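Examining the three-dimensional arrangement
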Amino acid sequence: MNFHTRKWVKPEDLNANETLFGGRVLAWIDEEAALYSIIQLENKKVVTKYMSEINFMSTATKGDIIEIGIGVINFGKSSLNLNCEVRNKMTRETIVTVDNIIMVNLGEDGKPKPHGKTKIEYVKDRLGDKED
């Protein structure tokens, strides 16, 4: 699993218990899954179809730094199945896990469209970087 994004927990991210609000974490997960899918599928038109059970395991407080990790489970015909882990960089504890997130690739008409991808691609592979 690759951890690409870090978030700083600010006062506006807290719930009444002064801990990280679950809804805020879910919004961050959804955004991270969308960004990851857009980059992998090379298409800005990607939507969240499904999120499996969400397991809250610990929390974060004001000032903590969390990081969001996304992994690929598999590539479907027009979808990308991901999993996610959010962890507290300060305490090293897992905050949330999501076992399955299904993102769907859309065409210009807004309907599912095959993406033709079968494996994870990295930007360096797409650009054909050559060593000097």
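Quick note: structure is the one above.
To keep things clear, this report deals only with the structure shown in the data block. A quick note: this is a predicted structure, and the numbers were derived from the prediction, not measured.

The next thing to look at is unusual backbone geometry. Positive phi is not limited to glycine here, since E42 has a value of about 55 degrees. Position of E42 among the secondary structure elements: in the loop between α1 (22–41) and β2 (46–51). Here the phi dihedral of R92 falls at roughly 65 degrees; this positive angle occurs in a residue that is not glycine. In this structure, R92 sits in the loop between β5 (79–88) and β6 (94–105). Looking at R92, the relative accessible area reads 72%, which means it is exposed.

The first and last C-alpha atoms of α1 sit 28 Å apart over 20 residues, in line with the 28 Å expected at 1.5 Å per residue. Along α1, the residues that are buried comprise V25, W28, I29, E32, A33, A34, Y36, S37, Q40 and L41.

How each quantity is defined
- Residues numbered from 1 in each chain as written.
- Predicted model: local features only at pLDDT ≥ 70, side-chain atom pairs only at ≥ 80, totals over all residues.
- Heavy atoms only, no water.
- Helix = DSSP H or I, 4+ residues; strand = E, 2+ residues; numbered from the N terminus.
- Buried < 20%, exposed > 50% of the residue type's maximum accessible area, 1.4 Å probe, protein only.
- Expected span 1.5 Å × (residues − 1).

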